[in-house]
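Letter by letter, the chains look like this.
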Amino acid sequence: FSFSKTLARPQYRELAPTRYEEFYSDRAIEGNPFLKTTRIKNYDVRFEYYANISSMISLALYSKDFENPISLVIRPGSSHNYISYANAESAKVRGAEIEFMTQLDFVPSSYGYFSLGSNLSFNNSSTKSFDTFTSYMGDILTDVSNKKERPMMGQSDWIFNGNLGWMNKNNSINLNLSYNYFSKRLIYVGSGEFPDEYEFPSPEMNFTSSYKFRDIQISLKVLNIFNSATKLGADYNNVIYYTREYRPGRSYSFTIGYGF
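Computed from a predicted model, the values in this text were never measured in an experiment.

## Some thoughts on the pairing of strand 17 (residues 204–213)
Successive residues of a regular strand alternate their side chains across the two faces of the sheet.
Here is step 1 of the chain: Where strand 14 (residues 173–182) lies against strand 17, eight bridges are found, and the strand directions are antiparallel. When the sheet's bridge partners are listed, Ser178 is paired in strand 17 with Asn206.
Here is step 2 of the chain: Looking at chain direction, strand 17 and strand 18 (residues 216–223) are connected through seven bridges and run antiparallel. Across the sheet, the residue bridging to Tyr211 is Ile218, located in strand 18.
Here is step 3 of the chain: Hairpin remark: strand 17 followed by strand 18, antiparallel, with two residues in the connecting loop; positive phi at Arg214, about 55°.

## Some words on unusual backbone geometry
Here is step 1 of the chain: Here Asn68, not a glycine, exhibits a phi torsion of approximately 65°, which is positive.
Here is step 2 of the chain: Mapped onto the elements of the fold, Asn68 is located in the loop between strand 5 (55–67) and strand 6 (70–75).
Here is step 3 of the chain: Given the relative accessible area of 9%, Asn68 is considered buried.
Here is step 4 of the chain: Even without being a glycine, Asn224 presents a positive backbone phi close to 55°.
Here is step 5 of the chain: Among the secondary structure elements, Asn224 is positioned in the loop between strand 18 and strand 19 (230–236).
Here is step 6 of the chain: With relative accessibility at 6%, the residue Asn224 sits in the buried group.

Thresholds, definitions, all that
- Residues numbered from 1 in each chain as written.
- Predicted model: local features only at pLDDT ≥ 70, side-chain atom pairs only at ≥ 80, totals over all residues.
- Heavy atoms only, no water.
- Pairing = 2+ DSSP bridges.
- Helix = DSSP H or I, 4+ residues; strand = E, 2+ residues; numbered from the N terminus.
- Buried < 20%, exposed > 50% of the residue type's maximum accessible area, 1.4 Å probe, protein only.

Here's what the structure looks like:
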């Protein structure tokens, strides 16, 4: 059992009263120097069971209460809309997570050692807006969010991670294949005629490997093997209207290290 009180201070780019453009679009983002620090209460209950040195299973229940959480909000402009930061009044996250890790002992050790691991999280979140907000100019304006209560920004209902690993008998070669998935999550809070924007699922698979020979270690990483696209859009009457779609691309990394 655990309880903690933490805080999250606004970052410099969230506070700076200047505008900059997003990397993957021409939409302007504007900081807000009147942002307040977010205060968080964390409640956790966790059970862990270790069957042996290479196997474990755990179950966790958690609850988080936020005061003044920060959100990205769509603001109407004279010629086009822009994005700014604003504090919400409060937010709550309730969730559960199950995780396991095990070595596949049924595979003969002559083939090396295989391991399998995974975790699955379910979350239920909600955020409540203030009736007013302070603009970057210090003006007190009426909040025109489409929904006074909504899911918490950036919080998916479902998150899944899985990995399959292999290691040879003398631990000189390690291979790992991982898969990550999340359900849709709120990215921008809509206002006026602009609906809430969500990021939709983009499954990702990654591969990492390493080879160690005496004091030399060689590693190879391939990230986003599927070259999954990032898609943002709005869900209106069960029809998805995409506002942006781009592919971050695959990432390859090859390194050689020497230690003594």
